[in-house]
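# Survey of secondary and tertiary structure
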Amino acid sequence: MVVKVYGPAYASPKRVIVCLIEKQIEFETVPVDLVKGENKNPEYLKLQPFGSLPVIQDGDFTLYESRAIIRYYAEKYKSQGTTDLLGRTIEERGLVEQWLEVEAHNFHPPIYQMTTQILFFAKRGLPADENLIKESEEKLGKVLDVYEERLSKSKYLAGDFFSLADLSHLPFTQYLVGPMEKEYMIRDRKHVSAWWDDISNRPSWKKVLELY
Amino acid sequence: MATPVKVYGPPLSTAVCRVVACLLEKDVEFQLISLNMAKGDHKKPDFLKIQPFGQVPAFQDEKISLFESRAICRYVCENYPEKGNKGLFGTNPLAKASIDQWLEAEGQSFNPPSSALVFQLALAPRMNIKQDEGVIKQNEEKLAKVLDVYEKRLGESRFLAGDEFSLADLSHLPNAHYLVNATDRGEILTSRDNVGRWWGEISNRDSWKKVVDMQKQQHSP
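An account of the accompanying structure is given in this report. Values in this document were obtained by computation on a predicted structure and should not be read as measured data. The residue numbering used here restarts from 1 in each chain and proceeds along that chain's sequence as written. Chain labels run from A onward and ligand labels from 1 onward, assigned in the order the entries are written. Residues qualify for local features only when their pLDDT is at least 70, as the model is predicted, and side-chain atom pairs are given and counted only at 80 or more; totals for whole chains, interfaces and linings, by contrast, use all residues. Computation of side-chain values: all heavy atoms of the structure, hydrogens and water removed.

Residues and elements named next belong to chain A. In terms of strand pairing, strand β3 (residues 55-58) meets strand β4 (residues 61-64) through four bridges, oriented antiparallel. Its bridge partner being in β4, I56 is matched across the sheet by L63. Strands pair, by our definition, only if DSSP identifies at least two bridges between them. By the criteria applied, helices consist of DSSP H or I runs no shorter than four residues and strands consist of E runs no shorter than two, each listed in order from the N terminus. Taking the residues that link successive antiparallel strands as the turn, the β3-β4 hairpin has two residues, and the phi of G59 there is positive, at about 65°.

In C-alpha coordinates, the structure reads:
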(Lines give C-alpha, C1' and ligand atoms only; values in the text may rest on other atoms or scores of the structure.)
Protein backbone atom coordinates (compact mmCIF):
# COMPACT_ATOMS: atom_id res chain seq x y z
CA MET A 1 0.00 0.00 0.00
CA VAL A 2 1.57 3.24 -1.19
CA VAL A 3 0.93 6.70 0.28
CA LYS A 4 -1.18 8.93 -2.00
CA VAL A 5 -0.45 12.67 -1.97
CA TYR A 6 -3.03 15.02 -3.50
CA GLY A 7 -2.12 18.21 -5.38
CA PRO A 8 1.61 17.84 -6.27
CA ALA A 9 1.60 20.89 -8.55
CA TYR A 10 1.20 23.20 -5.53
CA ALA A 11 3.50 24.37 -2.73
CA SER A 12 2.10 22.80 0.45
CA PRO A 13 1.88 19.29 -1.07
CA LYS A 14 5.55 19.69 -2.04
CA ARG A 15 6.32 20.15 1.66
CA VAL A 16 5.00 16.60 2.14
CA ILE A 17 6.62 15.16 -1.00
CA VAL A 18 10.13 16.40 -0.13
CA CYS A 19 9.74 14.86 3.33
CA LEU A 20 8.65 11.50 1.91
CA ILE A 21 11.68 11.53 -0.43
CA GLU A 22 14.04 12.38 2.49
CA LYS A 23 12.54 9.45 4.41
CA GLN A 24 12.69 7.09 1.39
CA ILE A 25 8.94 6.43 1.64
CA GLU A 26 7.21 5.27 -1.53
CA PHE A 27 4.33 7.42 -2.68
CA GLU A 28 2.14 8.29 -5.64
CA THR A 29 0.44 11.58 -6.46
CA VAL A 30 -3.09 12.53 -7.48
CA PRO A 31 -3.50 15.79 -9.40
CA VAL A 32 -5.96 18.40 -8.13
CA ASP A 33 -6.61 21.44 -10.34
CA LEU A 34 -7.35 24.53 -8.23
CA VAL A 35 -8.21 26.66 -11.28
CA LYS A 36 -10.97 24.17 -12.14
CA GLY A 37 -12.03 24.21 -8.48
CA GLU A 38 -11.43 20.47 -8.05
CA ASN A 39 -10.62 21.10 -4.37
CA LYS A 40 -14.30 22.02 -3.88
CA ASN A 41 -15.66 18.77 -5.36
CA PRO A 42 -17.69 16.73 -2.86
CA GLU A 43 -15.29 13.77 -3.25
CA TYR A 44 -12.33 15.96 -2.33
CA LEU A 45 -14.15 17.63 0.55
CA LYS A 46 -14.84 14.16 2.02
CA LEU A 47 -11.06 13.83 2.41
CA GLN A 48 -10.18 17.44 3.28
CA PRO A 49 -13.28 19.29 4.55
CA PHE A 50 -11.60 22.73 4.43
CA GLY A 51 -10.91 22.28 0.68
CA SER A 52 -7.17 22.93 1.13
CA LEU A 53 -4.17 21.03 -0.24
CA PRO A 54 -2.69 18.56 0.53
CA VAL A 55 -4.37 15.50 1.94
CA ILE A 56 -2.77 12.06 2.08
CA GLN A 57 -4.30 8.61 2.01
CA ASP A 58 -2.33 5.71 3.47
CA GLY A 59 -4.59 2.66 3.18
CA ASP A 60 -7.64 3.56 5.28
CA PHE A 61 -5.84 6.38 7.03
CA THR A 62 -6.44 9.96 5.84
CA LEU A 63 -4.51 12.96 7.14
CA TYR A 64 -4.40 16.62 6.14
CA GLU A 65 -2.38 19.75 7.05
CA SER A 66 1.11 19.38 5.52
CA ARG A 67 2.95 20.14 8.78
CA ALA A 68 0.95 17.43 10.60
CA ILE A 69 1.66 14.97 7.78
CA ILE A 70 5.45 15.56 7.84
CA ARG A 71 5.55 15.20 11.64
CA TYR A 72 3.69 11.89 11.39
CA TYR A 73 5.97 10.35 8.77
CA ALA A 74 9.19 11.70 10.26
CA GLU A 75 8.27 10.04 13.54
CA LYS A 76 6.83 6.81 12.09
CA TYR A 77 9.91 6.18 9.95
CA LYS A 78 12.44 7.64 12.38
CA SER A 79 15.17 5.13 11.60
CA GLN A 80 14.82 5.25 7.80
CA GLY A 81 16.27 7.76 5.30
CA THR A 82 17.34 11.07 6.87
CA THR A 83 17.06 10.11 10.52
CA ASP A 84 17.17 13.33 12.56
CA LEU A 85 14.47 15.42 10.90
CA LEU A 86 12.88 15.72 14.37
CA GLY A 87 16.17 15.92 16.27
CA ARG A 88 17.80 13.23 18.39
CA THR A 89 16.58 14.25 21.86
CA ILE A 90 13.48 15.77 23.46
CA GLU A 91 15.26 19.13 23.63
CA GLU A 92 16.26 19.02 19.95
CA ARG A 93 12.69 18.10 19.07
CA GLY A 94 11.51 21.12 21.08
CA LEU A 95 13.70 23.37 18.94
CA VAL A 96 12.48 21.75 15.72
CA GLU A 97 8.88 22.34 16.87
CA GLN A 98 9.72 25.95 17.75
CA TRP A 99 11.13 26.77 14.31
CA LEU A 100 8.35 24.83 12.55
CA GLU A 101 5.86 27.05 14.38
CA VAL A 102 7.90 30.13 13.45
CA GLU A 103 7.64 29.06 9.79
CA ALA A 104 3.89 28.47 10.15
CA HIS A 105 3.03 31.70 11.98
CA ASN A 106 5.75 34.26 11.17
CA PHE A 107 7.21 33.26 7.79
CA HIS A 108 4.21 31.71 6.05
CA PRO A 109 1.52 34.44 6.38
CA PRO A 110 3.46 37.25 4.63
CA ILE A 111 5.02 34.98 1.97
CA TYR A 112 1.62 33.41 1.29
CA GLN A 113 0.06 36.89 0.79
CA MET A 114 2.86 37.75 -1.62
CA THR A 115 2.38 34.45 -3.50
CA THR A 116 -1.37 35.03 -3.86
CA GLN A 117 -1.02 38.64 -4.98
CA ILE A 118 2.01 38.25 -7.26
CA LEU A 119 1.54 34.77 -8.73
CA PHE A 120 -2.21 34.21 -8.68
CA PHE A 121 -3.54 37.71 -9.24
CA ALA A 122 -0.97 39.91 -10.96
CA LYS A 123 0.39 37.25 -13.31
CA ARG A 124 -3.16 36.54 -14.45
CA GLY A 125 -3.81 40.21 -15.21
CA LEU A 126 -6.10 40.54 -12.20
CA PRO A 127 -5.70 43.62 -10.02
CA ALA A 128 -3.14 42.97 -7.27
CA ASP A 129 -3.07 44.93 -4.04
CA GLU A 130 0.26 46.75 -4.27
CA ASN A 131 0.02 48.00 -0.68
CA LEU A 132 -0.52 44.50 0.61
CA ILE A 133 2.49 43.27 -1.38
CA LYS A 134 4.65 46.06 0.04
CA GLU A 135 3.45 45.48 3.62
CA SER A 136 3.95 41.72 3.33
CA GLU A 137 7.43 42.15 1.90
CA GLU A 138 8.36 44.41 4.83
CA LYS A 139 6.98 41.89 7.31
CA LEU A 140 8.85 39.04 5.62
CA GLY A 141 12.04 41.13 5.60
CA LYS A 142 11.83 41.59 9.38
CA VAL A 143 11.36 37.84 9.86
CA LEU A 144 14.35 37.14 7.60
CA ASP A 145 16.44 39.56 9.68
CA VAL A 146 15.79 37.37 12.73
CA TYR A 147 16.70 34.29 10.66
CA GLU A 148 19.94 36.03 9.60
CA GLU A 149 20.91 36.48 13.24
CA ARG A 150 19.94 32.90 14.12
CA LEU A 151 21.75 31.38 11.14
CA SER A 152 24.91 33.34 11.96
CA LYS A 153 25.12 31.20 15.12
CA SER A 154 23.57 27.95 13.95
CA LYS A 155 24.06 26.05 10.69
CA TYR A 156 20.37 25.16 10.48
CA LEU A 157 17.38 26.66 12.25
CA ALA A 158 17.04 24.09 15.05
CA GLY A 159 20.76 23.44 15.47
CA ASP A 160 23.61 21.74 13.60
CA PHE A 161 21.26 19.32 11.80
CA PHE A 162 18.84 19.70 8.85
CA SER A 163 15.31 19.27 10.23
CA LEU A 164 11.63 19.55 9.36
CA ALA A 165 11.89 23.22 10.35
CA ASP A 166 14.29 23.98 7.47
CA LEU A 167 12.43 21.62 5.11
CA SER A 168 9.15 23.42 5.72
CA HIS A 169 10.58 26.58 4.12
CA LEU A 170 11.47 24.99 0.77
CA PRO A 171 8.29 25.31 -1.32
CA PHE A 172 7.38 28.96 -0.78
CA THR A 173 11.00 30.20 -0.71
CA GLN A 174 11.39 28.53 -4.09
CA TYR A 175 8.48 30.67 -5.35
CA LEU A 176 10.15 33.75 -3.81
CA VAL A 177 13.51 33.30 -5.56
CA GLY A 178 11.93 31.98 -8.77
CA PRO A 179 8.66 33.23 -10.26
CA MET A 180 8.18 36.04 -7.68
CA GLU A 181 11.59 37.46 -8.69
CA LYS A 182 12.52 38.46 -5.14
CA GLU A 183 15.77 36.50 -4.82
CA TYR A 184 17.41 39.62 -3.39
CA MET A 185 15.51 39.06 -0.14
CA ILE A 186 17.56 35.90 0.33
CA ARG A 187 20.86 37.03 -1.27
CA ASP A 188 21.02 40.33 0.65
CA ARG A 189 21.36 38.27 3.84
CA LYS A 190 24.67 36.39 3.96
CA HIS A 191 23.71 33.56 6.31
CA VAL A 192 20.16 33.14 5.01
CA SER A 193 21.72 32.94 1.54
CA ALA A 194 24.17 30.19 2.55
CA TRP A 195 21.38 28.30 4.32
CA TRP A 196 19.12 28.55 1.26
CA ASP A 197 21.88 27.24 -1.03
CA ASP A 198 22.45 24.33 1.34
CA ILE A 199 18.84 23.24 1.77
CA SER A 200 17.67 23.86 -1.80
CA ASN A 201 20.55 21.81 -3.20
CA ARG A 202 19.58 18.71 -1.28
CA PRO A 203 18.91 15.83 -3.74
CA SER A 204 15.36 15.48 -2.34
CA TRP A 205 14.41 19.08 -3.27
CA LYS A 206 16.06 18.86 -6.67
CA LYS A 207 14.02 15.71 -7.28
CA VAL A 208 10.78 17.52 -6.36
CA LEU A 209 11.57 20.35 -8.81
CA GLU A 210 12.42 17.84 -11.50
CA LEU A 211 9.21 15.81 -11.10
CA TYR A 212 6.60 18.46 -10.32
CA MET B 1 11.62 26.14 46.44
CA ALA B 2 11.20 27.93 43.13
CA THR B 3 10.26 25.75 40.17
CA PRO B 4 12.65 25.86 37.20
CA VAL B 5 9.67 26.03 34.82
CA LYS B 6 9.00 29.64 33.85
CA VAL B 7 6.51 31.20 31.44
CA TYR B 8 7.07 34.81 30.41
CA GLY B 9 4.18 37.03 29.33
CA PRO B 10 1.00 38.75 30.48
CA PRO B 11 -1.87 36.49 31.64
CA LEU B 12 -4.28 38.35 29.34
CA SER B 13 -2.33 37.22 26.24
CA THR B 14 -4.09 34.43 24.33
CA ALA B 15 -0.84 32.66 23.47
CA VAL B 16 0.38 32.82 27.08
CA CYS B 17 -2.93 31.28 28.22
CA ARG B 18 -2.52 28.45 25.72
CA VAL B 19 0.71 27.45 27.48
CA VAL B 20 -0.66 27.99 31.00
CA ALA B 21 -3.72 25.83 30.22
CA CYS B 22 -1.42 23.05 28.98
CA LEU B 23 0.82 23.20 32.07
CA LEU B 24 -2.26 23.04 34.31
CA GLU B 25 -3.67 20.03 32.37
CA LYS B 26 -0.31 18.32 32.74
CA ASP B 27 -0.02 19.19 36.43
CA VAL B 28 3.39 20.78 35.89
CA GLU B 29 4.33 23.43 38.42
CA PHE B 30 5.40 26.71 36.88
CA GLN B 31 6.03 30.35 37.59
CA LEU B 32 4.32 33.01 35.47
CA ILE B 33 6.54 36.03 35.03
CA SER B 34 4.33 38.79 33.72
CA LEU B 35 5.44 41.35 31.18
CA ASN B 36 4.12 44.86 30.70
CA MET B 37 3.68 45.06 26.96
CA ALA B 38 2.25 48.58 27.13
CA LYS B 39 5.65 49.60 28.51
CA GLY B 40 7.46 47.59 25.81
CA ASP B 41 8.93 44.90 28.09
CA HIS B 42 8.73 42.42 25.18
CA LYS B 43 10.98 44.55 22.98
CA LYS B 44 13.77 45.01 25.52
CA PRO B 45 17.17 43.37 24.79
CA ASP B 46 16.93 40.93 27.73
CA PHE B 47 13.64 39.55 26.45
CA LEU B 48 14.71 39.51 22.81
CA LYS B 49 17.53 37.17 23.87
CA ILE B 50 14.91 34.50 24.65
CA GLN B 51 12.32 35.52 22.05
CA PRO B 52 14.00 37.23 19.08
CA PHE B 53 10.67 38.10 17.42
CA GLY B 54 9.62 40.09 20.52
CA GLN B 55 6.41 38.07 20.97
CA VAL B 56 4.90 36.31 23.98
CA PRO B 57 5.15 33.77 25.52
CA ALA B 58 8.66 32.51 26.14
CA PHE B 59 9.31 29.38 28.22
CA GLN B 60 12.23 28.00 30.18
CA ASP B 61 12.91 24.90 32.19
CA GLU B 62 16.19 23.42 33.45
CA LYS B 63 17.02 22.04 29.98
CA ILE B 64 15.77 24.45 27.39
CA SER B 65 14.52 27.89 26.42
CA LEU B 66 11.64 27.87 23.91
CA PHE B 67 9.09 30.10 22.23
CA GLU B 68 5.93 29.62 20.10
CA SER B 69 3.00 28.55 22.32
CA ARG B 70 2.08 25.44 20.30
CA ALA B 71 5.72 24.26 20.27
CA ILE B 72 5.94 24.79 24.03
CA CYS B 73 2.73 22.77 24.54
CA ARG B 74 4.06 19.89 22.41
CA TYR B 75 7.37 19.96 24.34
CA VAL B 76 5.59 19.94 27.71
CA CYS B 77 3.52 16.92 26.65
CA GLU B 78 6.61 15.07 25.43
CA ASN B 79 8.82 15.96 28.38
CA TYR B 80 6.24 15.06 31.07
CA PRO B 81 4.44 12.04 29.56
CA GLU B 82 3.54 10.52 32.94
CA LYS B 83 2.17 13.69 34.55
CA GLY B 84 -1.40 15.00 34.68
CA ASN B 85 -3.55 14.34 31.59
CA LYS B 86 -1.51 11.56 29.94
CA GLY B 87 -3.65 11.46 26.80
CA LEU B 88 -3.45 15.19 26.07
CA PHE B 89 -1.22 14.55 23.04
CA GLY B 90 -2.48 11.04 22.28
CA THR B 91 -1.14 7.69 23.46
CA ASN B 92 -0.35 6.24 20.02
CA PRO B 93 0.96 7.61 16.70
CA LEU B 94 -2.42 7.69 14.89
CA ALA B 95 -4.08 9.57 17.77
CA LYS B 96 -1.15 12.01 17.83
CA ALA B 97 -1.42 12.54 14.05
CA SER B 98 -5.10 13.45 14.37
CA ILE B 99 -4.29 15.87 17.20
CA ASP B 100 -1.50 17.45 15.12
CA GLN B 101 -3.92 17.78 12.18
CA TRP B 102 -6.44 19.71 14.28
CA LEU B 103 -3.70 21.72 16.01
CA GLU B 104 -2.60 22.80 12.53
CA ALA B 105 -6.23 23.51 11.53
CA GLU B 106 -6.50 25.72 14.63
CA GLY B 107 -3.28 27.53 13.79
CA GLN B 108 -3.95 27.96 10.07
CA SER B 109 -7.75 28.27 9.81
CA PHE B 110 -9.27 29.19 13.20
CA ASN B 111 -6.59 31.42 14.66
CA PRO B 112 -6.21 34.09 11.94
CA PRO B 113 -9.87 35.16 11.66
CA SER B 114 -10.64 34.70 15.39
CA SER B 115 -7.54 36.71 16.39
CA ALA B 116 -8.50 39.49 13.99
CA LEU B 117 -12.02 39.60 15.47
CA VAL B 118 -10.75 39.57 19.06
CA PHE B 119 -8.42 42.44 18.21
CA GLN B 120 -11.07 44.49 16.39
CA LEU B 121 -13.95 43.85 18.80
CA ALA B 122 -12.34 43.47 22.23
CA LEU B 123 -8.92 45.11 22.15
CA ALA B 124 -9.09 48.02 19.66
CA PRO B 125 -11.78 49.88 21.65
CA ARG B 126 -9.70 49.57 24.83
CA MET B 127 -6.63 50.87 23.01
CA ASN B 128 -8.55 53.74 21.39
CA ILE B 129 -7.91 52.30 17.93
CA LYS B 130 -10.64 52.78 15.35
CA GLN B 131 -12.41 49.57 14.38
CA ASP B 132 -12.32 48.53 10.72
CA GLU B 133 -15.78 47.34 9.68
CA GLY B 134 -14.43 45.81 6.48
CA VAL B 135 -11.90 43.70 8.41
CA ILE B 136 -14.61 42.65 10.89
CA LYS B 137 -17.00 41.54 8.14
CA GLN B 138 -14.30 39.72 6.17
CA ASN B 139 -13.10 37.78 9.21
CA GLU B 140 -16.61 36.96 10.40
CA GLU B 141 -17.28 35.36 7.02
CA LYS B 142 -13.98 33.46 7.11
CA LEU B 143 -14.58 32.22 10.65
CA ALA B 144 -18.15 31.20 9.82
CA LYS B 145 -16.91 28.98 6.98
CA VAL B 146 -14.33 27.36 9.29
CA LEU B 147 -16.93 26.78 12.00
CA ASP B 148 -19.25 25.12 9.45
CA VAL B 149 -16.54 22.47 9.04
CA TYR B 150 -16.17 22.20 12.84
CA GLU B 151 -19.97 21.87 13.21
CA LYS B 152 -19.99 18.83 10.95
CA ARG B 153 -16.92 17.29 12.60
CA LEU B 154 -18.25 17.79 16.13
CA GLY B 155 -21.49 16.11 15.13
CA GLU B 156 -19.44 12.96 14.40
CA SER B 157 -16.82 13.23 17.12
CA ARG B 158 -17.03 14.36 20.75
CA PHE B 159 -13.81 16.36 20.52
CA LEU B 160 -11.92 17.54 17.44
CA ALA B 161 -9.30 14.79 17.22
CA GLY B 162 -11.44 11.99 18.65
CA ASP B 163 -13.27 10.85 21.78
CA GLU B 164 -10.88 12.47 24.24
CA PHE B 165 -10.09 16.09 25.04
CA SER B 166 -6.71 16.91 23.50
CA LEU B 167 -4.18 19.64 22.86
CA ALA B 168 -6.11 20.43 19.68
CA ASP B 169 -9.24 21.45 21.61
CA LEU B 170 -7.14 23.23 24.27
CA SER B 171 -5.47 25.37 21.62
CA HIS B 172 -8.83 26.96 20.76
CA LEU B 173 -9.70 28.00 24.32
CA PRO B 174 -8.00 31.43 24.52
CA ASN B 175 -9.45 33.03 21.36
CA ALA B 176 -12.86 31.36 21.78
CA HIS B 177 -13.04 32.58 25.36
CA TYR B 178 -12.50 36.19 24.31
CA LEU B 179 -15.02 35.88 21.47
CA VAL B 180 -17.71 34.58 23.79
CA ASN B 181 -16.92 36.73 26.83
CA ALA B 182 -15.41 39.97 25.55
CA THR B 183 -17.29 40.61 22.29
CA ASP B 184 -20.93 40.62 21.18
CA ARG B 185 -20.20 38.02 18.49
CA GLY B 186 -20.00 34.98 20.76
CA GLU B 187 -23.03 33.41 19.07
CA ILE B 188 -20.81 32.58 16.12
CA LEU B 189 -19.76 29.69 18.37
CA THR B 190 -22.71 29.25 20.71
CA SER B 191 -25.48 29.29 18.09
CA ARG B 192 -24.07 26.23 16.33
CA ASP B 193 -25.42 23.12 18.10
CA ASN B 194 -22.31 20.95 18.03
CA VAL B 195 -19.73 23.73 18.34
CA GLY B 196 -21.80 25.17 21.22
CA ARG B 197 -21.89 21.79 22.96
CA TRP B 198 -18.12 21.37 22.48
CA TRP B 199 -17.41 24.91 23.70
CA GLY B 200 -19.48 24.24 26.85
CA GLU B 201 -17.49 21.09 27.58
CA ILE B 202 -13.99 22.39 26.99
CA SER B 203 -14.49 25.73 28.73
CA ASN B 204 -15.77 23.94 31.83
CA ARG B 205 -12.58 22.01 32.39
CA ASP B 206 -10.90 22.77 35.73
CA SER B 207 -7.70 23.81 34.01
CA TRP B 208 -9.47 26.44 31.91
CA LYS B 209 -11.45 27.76 34.86
CA LYS B 210 -8.12 28.27 36.67
CA VAL B 211 -6.79 30.24 33.68
CA VAL B 212 -9.88 32.47 33.68
CA ASP B 213 -9.43 33.11 37.43
CA MET B 214 -5.81 34.02 36.82
CA GLN B 215 -6.87 36.50 34.13
CA LYS B 216 -9.43 38.07 36.46
CA GLN B 217 -6.72 38.67 39.04
CA GLN B 218 -4.65 40.61 36.51
CA HIS B 219 -4.57 44.28 37.38
CA SER B 220 -4.46 46.64 34.41
CA PRO B 221 -0.93 47.88 33.70
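From this point, things continue past the structure.
The subject of this paragraph is the interface of chain A and chain B. Contact between two residues is taken to exist if any of their heavy atoms lie within 4.5 Å; hydrogens are not considered. Each partner contributes to the interface: chain A provides 29 residues, whereas chain B provides 31 residues. Counting each side, the surface lost to burial between chain A and chain B is near 2700 Å², with a carbon and sulfur contribution of 63%. Here's the idea: put two parts together, see how much 1.4 Å probe accessible area each one loses, and the total over both is what we call buried area. Its largest share of buried area at the contact with chain B, chain A owes to F50, I90 and Q98 of chain A, together 22% of the area lost on that side. Think of a salt bridge as a Lys or Arg side-chain nitrogen and an Asp or Glu carboxyl oxygen that are within 4 Å of each other. The interface formed by chain A and chain B contains five salt bridges. For E97 of chain A, the salt bridge goes to R74 of chain B, with nearest N and O atoms at 3.7 Å. Counted as a polar contact is a pair of N or O atoms within 3.5 Å, where, for protein atoms, one must be capable of donating a hydrogen and the other of accepting one, and residues adjacent in sequence contribute only when both atoms are in side chains. There are nine residue pairs in polar contact (both at pLDDT 80 or more) connecting chain A and chain B. Of all the elements, helix α4 (residues 90-121) of chain A adds the most residues to the side of chain A that touches chain B, at 14 residues. Side-chain classes are defined by residue name, with Ala, Val, Leu, Ile, Met, Phe, Trp, Tyr, Cys and Pro counting as nonpolar, Asp, Glu, Lys and Arg as charged, and the others, Gly among them, as polar. Of the residues that constitute the side of chain A that touches chain B, the class distribution is 15 nonpolar, six polar and eight charged.

This brings us to the environment of K14 of chain A. Residues and elements named next belong to chain A. Its place among the elements puts K14 in helix α1 (residues 11-22). Separated by 198 residues in the primary sequence, K14 and Y212 have C-alpha atoms spaced 8.4 Å apart. Here K14 is in contact with P8, A9, P171, W205, V208 and Y212, once residues within four sequence places are set aside. Here P8 takes part through its backbone oxygen, which lies 3.1 Å from a polar atom of the side chain of K14.

As a further point, take empty space enclosed by the protein. Think of a 1 Å grid over the protein atoms and nothing else: a 1.4 Å probe that fits but is trapped marks a cavity, an open set flanked by protein within 12 Å on at least five of seven lines marks a pocket, and residues with an atom within 4 Å of a point count as lining. Grid points are joined across faces, edges and corners, and a volume is the space filled by probe spheres set on the points. What the rule picks out here adds up to one cavity of 30 Å³ or more. A volume near 50 Å³ is recorded for the largest cavity. The wall of the largest cavity is formed by R93, G94 and E97 of chain A together with R74, Y75, E78, F89 and K96 of chain B. Elements that contribute at least two residues to the lining of the largest cavity include exactly α4 of chain A together with α3 (69-79) of chain B. Across the lining of the largest cavity, the residue classes tally to two nonpolar, one polar and five charged.

Before going further, it helps to spend a moment on the packing of aromatic side chains. Note on ring pairs: Phe, Tyr and Trp rings are taken, using the six-membered ring of Trp, and paired if centres are within 6.5 Å. Classes follow the plane angle, with under 30 degrees stacked, over 60 edge-to-face and the rest tilted. This structure, assessed with the given rule, holds 22 aromatic pairs over all chains. Aromatic side chains Y72 of chain A and Y73 of chain A sit 4.9 Å apart centroid to centroid with 75° between the ring planes, which places their arrangement in the edge-to-face category. Taken individually, Y72 of chain A and Y73 of chain A each receive the classification buried, so the pair is uniform in this respect. What links up through ring pairs into an aromatic cluster is the set F50 and Y64 of chain A together with W102, F110, Y150 and W198 of chain B. Only when the NZ atom of a Lys or the CZ atom of an Arg is both within 6 Å of the ring centre and within 35 degrees of the ring normal do we say a charge sits over the ring. We note R202 of chain A situated over the ring of F162 of chain A; from NZ or CZ to the ring centre the distance is 3.8 Å. For the cation-ring pair, R205 of chain B lies above F165 of chain B, with the distance from its terminal atom to the ring centre recorded as 3.9 Å. Residue exposure (1.4 Å probe, protein chains only): buried if accessible area is under 20% of the type maximum, exposed if over 50%, otherwise partly exposed.

The nonpolar core is taken to be a set of buried Ala, Val, Leu, Ile, Met, Phe, Trp, Tyr and Cys residues, with the residues joined through side-chain atoms within 4.5 Å. Ranked by internal contacts, the top residues of the largest apolar core, which has 73 residues, are F59, W102, Y150 and L167 of chain B. No other element matches the nine residues that helix α4 (residues 93-126) of chain B contributes to this core. Setting aside its immediate chain neighbours within four residues, W102 of chain B contacts F50 and Y64 of chain A together with Y150, R153, L160, A161, A168 and H172 of chain B. V3, C19, I111 and F162 of chain A belong to the second-largest nonpolar core, a separate cluster that totals 60 residues.

Working definition: the strands of a sheet are paired by backbone hydrogen bonds and lie parallel or antiparallel to each other. All names here are of chain B. Strand order in the open sheet formed by four strands is β2-β1-β3-β4, with mixed pairing between adjacent strands. Each edge of the sheet is formed by a strand with only one pairing partner; in this case those strands are β2 (31-33) and β4 (65-67). For this sheet, the mean angle separating the axes of adjacent strands, direction not counted, is 20°. As paired elements, strand β1 (residues 6-8) and strand β3 (residues 58-60) share three bridges and run antiparallel to each other. Here an axis means a line fitted to C-alpha atoms, over the contact stretch when the element is a helix, while the angle between two N-to-C directions is reported on a 0 to 180 degree scale.

Now for the pattern of salt bridges. The tally for this structure, following the rule as stated, stands at 37 salt bridges over all chains. The partner of R15 of chain A in a salt bridge is E103 of chain A, and the shortest N-O contact between them spans 3.2 Å. Of the two residues, R15 of chain A sits in helix α1 while E103 of chain A sits in helix α4, which places them 88 residues apart along the sequence. Both residues of the pair, R15 of chain A and E103 of chain A, count as buried. Counted as one network, the salt bridges with shared partners bring together R71, E75, R93, E97 and E101 of chain A together with R74, K96, D100 and E104 of chain B.

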